[in-house]
Amino acid sequence: MDAAVGSFCTMEEYRHYLMGLASFRAAMDGALQRVAWPAGWSWRPTALARSLDKDAIDLGLPTAGETSHDIALADQSALLGALYVLEGSTLGARVLCRRAAALGLDEAFGARHLAVLSKDLTQWHAFLLLLDEAADFDIDQAAASANSVFALALQCFESELLVVH
């Protein structure tokens, strides 16, 4: 996944990264809007589609429309596995935020989504608490879901690398 994201040392590499992530998060944010959330969950994941759209507009790129992918999130364990991937990205966002800053991008222009993800770790810690307290948790199903989400992310990033801008 790290190789697909790239180091984005240039604006062109950053644009590829942004479009790949926008495609991935549009699919995932759309899937999460259709989830029947388990009773008792007050926590919700960090939505990025809106920030990514603004970043794309800043850089003269098209915004990502919602796409449909076959990610099964009906079961609590599958949902937690998918959310582990999404929320875990907050940890890497801090590094990516510094790379974006080196290109002159920040929370006001071109890197809003990174600012949202890296502002604090409270959301990540709240998710880990939810994960720790989950009843009837099936680790195999969660891992399969996480692997499916990683595969979708990889597909989105690799597809974007094939697009000639």
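Model, not experiment: these values are computed from the prediction.

When you look at the packing of helix α2 (residues 11-33) against helix α3 (residues 49-58) in this model, what are you seeing that I'm missing?
Relative placement of two packed helices is described by the angle separating their axes and the distance separating the axes. Contact geometry for α2 and α3: axes closest at 9 Å, N-to-C directions at 150 degrees. Viewed along their axes, α2 and α3 adopt a mutual orientation that is roughly antiparallel. In this structure, α2 meets α3 at a crossing whose hand is left-handed. Touching L18, L21, A22, R25 and D29 of α2 are A49, L52, D55 and A56, all from α3.

Explain helix α6 (residues 122-133) here, please?
Side chains three or four residues apart in an α-helix point the same way, a direct result of the helix having 3.6 residues per turn. In this model, α6 (12 residues) spans 17 Å end to end at C-alpha, consistent with the 16 Å of a helix rising 1.5 Å per residue. Among all positions in α6, only W124, F127, L130 and L131 are buried. When α6 is viewed along its axis, its buried side chains cluster within an angular range of 120 degrees and face the same direction. In α6, the exposed positions angled more than 90 degrees off the buried face are occupied by T122, D132 and E133. Tucked inside the fold, the buried residues of α6 contact α4 (76-102).

Would you mind going over the nonpolar core with me for this structure?
Generally speaking, soluble globular proteins have nonpolar side chains that are buried together. Core analysis: the largest hydrophobic core is formed by 48 residues, its most contacted members being Y14, Y17, F24, M28, L73, L83 and L114. Sorting the residues of this core by element identifies α1 (2-5), α2, α3, α4, α5 (112-118), α6 and α7 (139-162) as the ones contributing at least two each. In terms of residue count, α2 provides more of this core than any other element does, 11 residues in total.

Calculation criteria
- Residues numbered from 1 in each chain as written.
- Predicted model: local features only at pLDDT ≥ 70, side-chain atom pairs only at ≥ 80, totals over all residues.
- Heavy atoms only, no water.
- Axes fitted to C-alpha atoms, helices over the stretch in contact; angles between N-to-C directions.
- Helix = DSSP H or I, 4+ residues; strand = E, 2+ residues; numbered from the N terminus.
- Parallel < 35°, antiparallel > 145°, perpendicular 65-115°, else oblique.
- Left-handed = near helix turned anticlockwise from the far one by under 90°.
- Contact = heavy atoms within 4.5 Å.
- Expected span 1.5 Å × (residues − 1).
- Buried < 20%, exposed > 50% of the residue type's maximum accessible area, 1.4 Å probe, protein only.
- Arc of directions from axis to C-beta.
- Core = buried A, V, L, I, M, F, W, Y, C linked by side-chain atoms within 4.5 Å.

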